Amino acid sequence: MEEFSRIQRLPPYVFAVVGELKMRLRRQNIDVVDFSMGNPDIPTPPQIVDKLVEAAQKPVNHRYSLSRGIPHLREAVCRRYERLYGVSLDPESEAIVTMGSKEGLAHLSLAMLSPGDVVLAPDPTYPIHKYAPIIAGADVRSVPIGPGRDFFEDLTAATREAWPRPKVLFLCYPHNPTTEVTTLEFFEKVVDFAKDNNLWVIHDLAYADLVFDGYKAPSFLQAKGAKDVGVEFYTLSKSYSMPGWRVGFCLGNKQLVHALARIKSYLDYGIFQPIQIAATVALKGPDDDVQRICDIYKQRRDWLIEGLGRIGWNVPSPKATMFVWAQIPEEFRKMGSVEFSKWLLQEAQVAVSPGLGFGAYGDDHVRFALIENDHRTRQAIRNMRRLFTGNNDPHDDDESE
């Protein structure tokens, strides 16, 4: 059969290994506690759903929409940025609606990059930050991140060693999967580095509002001169628990926003208009629902971190995101993240994401997504404790400790 060059450049999808095993167990009626995919389970706030239903009843909203997004939605996200970050954006030239961040990142990469261009991306990182440039024909150079590393030292080394000179730097803070957070001062250094090295910056702010313990995530666009060198992607998927609605935004540099708008004009007619109308209501409303959703994730974080600690798996408590990034216990680390994840799934019926799926530097970690309730989390802790300790007493209960 004919081989397609872009498909051949895509690496094997590591997560499929765990996904296929999970489905095989479920077909055997084995109950799996699933922390593997960051797929929010919290219902979308009812007033947003009600607005969708109301707008969908109107035939005028059934026609083709605008690939750039309706004006009221672009205006609403710009007002949110002004209110939360003090960032002024022109909804006509500095904002565009995307079908979630993933589509926007992929199409912006296609608009910006040519075969042979070099892109810098963190390792580990969310896969689209690497796969989007690869699909566009670019080459990706990794910038290792994590405890004990100096980001700008590694960034300088990666830039110096790359040929041709890198064109784009991808970032994501709060970070998926590592949950690392950053400061405005960090973004200011990024802007300076980008200007000195003629780099575009694409920042993914998917977890802007899932922040805990008093931490507030800055916007890249708050940094002086940020709009000169890059854009930021924002999404309603997590903040408003609207993942399947696919509503995101690309904001910032006019040239990049225009490039994305131009390529999207050839490829799509935008999101179903009732969804955009409902998303406008979400952004214009009070932040009560955003805070309520954030509080649910914080509670789940606490349940999981506490439970893991009780079984001897001590993991730092993240300040943001809907994930826990857990280094594999030392006695099991030599297995690597894929085999360890398969082992947890087969022996404890607990599904996690192997760190290798996010990059080579993630292979000693696994990622838990905070998508299970208290009861299910306690069930997972019991199963893992029996596996780690060899205690197979079915009456064993972690709450008795």
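A short tour of the structure in this document, coming up. These numbers were taken from a predicted model, which means no experiment stands behind them. (Residues numbered from 1 in each chain as written. Predicted model: local features only at pLDDT ≥ 70, side-chain atom pairs only at ≥ 80, totals over all residues. Heavy atoms only, no water.)

With that settled, consider the overall build of the chain. Helix and strand counts for the chain come out as 14 helices and 12 strands. Against the 2.2 N^0.38 benchmark of 21 Å for 401 residues, the chain shows a C-alpha radius of gyration of 22 Å, consistent with a compact globule. The burial tally for the chain puts 58% of its 401 residues in the buried class. Counting contacts in the chain only where the partners sit at least 6 residues apart, residues at least 24 apart contribute 74% of the total. About 17900 Å² of surface is accessible on the chain, with carbon and sulfur atoms providing 51% of the total. (Helix = DSSP H or I, 4+ residues; strand = E, 2+ residues; numbered from the N terminus. Rg over C-alpha atoms; globule rule 2.2 N^0.38 Å. Buried < 20%, exposed > 50% of the residue type's maximum accessible area, 1.4 Å probe, protein only. Contact = heavy atoms within 4.5 Å. Areas by Shrake-Rupley, 256 points an atom, 1.4 Å probe, with all protein chains shown as cover.)

Next up on the list: the pairing of strand S2 (residues 95-98). Burial along S2 is two-sided: Ala-95 and Val-97 facing one way and Ile-96 and Thr-98 facing the other are all buried. Taken together, the 4 bridges between S2 and strand S8 (residues 248-252) define a ladder with antiparallel strand orientation. What sits directly across from Ala-95, in S8, is Leu-251. (Pairing = 2+ DSSP bridges.)

Mapped onto the secondary structure, Ala-111 falls in helix H5 (residues 100-112). Residue Ala-111 is classed as partly exposed on the basis of its relative accessible area, which comes to 31%. A C-alpha to C-alpha distance of 8.3 Å links Ala-111 and Ala-136, two positions 25 residues apart in sequence. For Ala-111, the contacting residues outside a window of four places in its chain are Ala-259 and Ile-263.

What follows covers helix H2 (residues 15-27). Under the 1.5 Å per step criterion, the end-to-end length of H2 is 19 Å for 13 residues, consistent within 8% with the ideal 18 Å. All of the buried residues in H2 are Phe-15, Val-18, Leu-21, Lys-22 and Leu-25. Buried residues of H2, viewed axially, fall in a sector of 135 degrees; they line one side. In this structure, H2 carries Glu-20 and Arg-27 as exposed residues pointing more than 90 degrees from its buried face. In this structure, the buried side of H2 is in contact with strand S1 (33-34), helix H13 (336-348), strand S10 (350-351) and strand S11 (353-354). Backbone geometry just downstream of H2 places Asn-29 in the positive-phi region, at approximately 60 degrees. (Expected span 1.5 Å × (residues − 1). Arc of directions from axis to C-beta.)

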